[in-house]
Amino acid sequence: MRRNLENGARRDKGREVTMLSARYLGEFLSISEYVYYSLLLEGDYPELSELFERAAQSALGRYRAVGAMLLRMGEYPSLSIQPRGRKMSSREMSGTESREIDAMISDAIERERRGIAEYDRLIGYTQNSELLNSLPSVLSSKRDTLSMLERTFNS
């Protein structure tokens, strides 16, 4: 019986690490995407550029928090970059129009929603008290970023 419990605990930790690692990568990709959008919009749309800059800063805080959680679990955070989402060339972005800006914000909203769902799954899955104490603040930050993006998209 004890052996089965130990194997179950190891299996649970492995799943937690996998789920946290996916969020670590997701936050990294969010930072990259948001900085990219901020730079593209900087000259013509300073308010939107600032919005994406704030979203990137928020994602950076979550990225650091999730990396620290992994380290406390005895794991090294790692990145396996597999780009996803809408790609825009600089040529496509020159003379940015409303629909391209809407697409940027829409992509960011979807990225935040996916991240929230993944954090919710991890919180529902884990029994690790440290994760249960740490993840709600990360999730709250993610929800704040989503609200900020949705308010802009709907205005």
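For the structure itself, consult the block above.
These remarks concern the structure in this document. (Residues numbered from 1 in each chain as written. Predicted model: local features only at pLDDT ≥ 70, side-chain atom pairs only at ≥ 80, totals over all residues. Heavy atoms only, no water.)

### Considering the nonpolar core
Here's step 1: If you look at the biggest cluster of nonpolar residues, it comprises 34 residues, and the most contacted ones within it are L20, Y34, F52, V66, L135 and L149.
Here's step 2: Broken down by secondary-structure element, the contributors of at least two residues to this core are α1 (2-41), α2 (46-72), α4 (98-125) and α5 (129-154).
Here's step 3: Sort the elements by how many residues they give to this core and α2 lands first, with 10 residues. (Core = buried A, V, L, I, M, F, W, Y, C linked by side-chain atoms within 4.5 Å. Buried < 20%, exposed > 50% of the residue type's maximum accessible area, 1.4 Å probe, protein only. Helix = DSSP H or I, 4+ residues; strand = E, 2+ residues; numbered from the N terminus.)

### Observations concerning α5
Here's step 1: Taking 1.5 Å per residue as the helical rise, α5 with its 26 residues ought to reach 38 Å, and the 38 Å between its terminal C-alpha atoms agrees with that figure.
Here's step 2: Of all the bends found along α5, the most pronounced is centred on L135 and spans about 30°, while P136, a proline, follows it within four residues.
Here's step 3: Buried within α5 are the following residues: L131, S134, L135, V138, L139, S141, K142, T145, L146, M148 and L149.
Here's step 4: At the N-terminal boundary of α5, the capping side chain belongs to N128, with an oxygen 2.8 Å from the backbone nitrogen of E130. (Expected span 1.5 Å × (residues − 1). Bend = angle between axes of the 7 residues up to and from the residue. Polar contact = N/O pair within 3.5 Å; in protein donor to acceptor, adjacent residues only side chain to side chain.)

### Quick look at the side chain of S30
Here's step 1: Locating S30 in the fold gives a position in helix α1.
Here's step 2: According to the relative accessible area criterion, S30 is buried, its value standing at 0%.

### Some remarks on the packing of aromatic side chains
Here's step 1: Applying the stated rule across the entire model yields 5 aromatic pairs.
Here's step 2: Between Y24 and Y63, the ring centres sit 4.3 Å apart and the planes meet at 15°, which makes this aromatic pair stacked. Of this pair, Y24 sits in helix α1 while Y63 sits in helix α2; the two residues are 39 residues apart in sequence, bridging distant segments of the chain.
Here's step 3: Exposure remark for Y24: the relative accessible area of 11% places this residue in the buried category.
Here's step 4: Taken together through their ring pairs, the aromatic side chains of Y34, Y36, Y37 and F52 make up a single cluster.
Here's step 5: Of note, R23 hangs over the ring of Y119, and the distance from its end group to the ring centre comes to 5.0 Å. (Phe/Tyr/Trp six-rings, centres within 6.5 Å; stacked < 30°, edge-to-face > 60°. Lys NZ or Arg CZ within 6 Å of the ring centre and 35° of its normal.)

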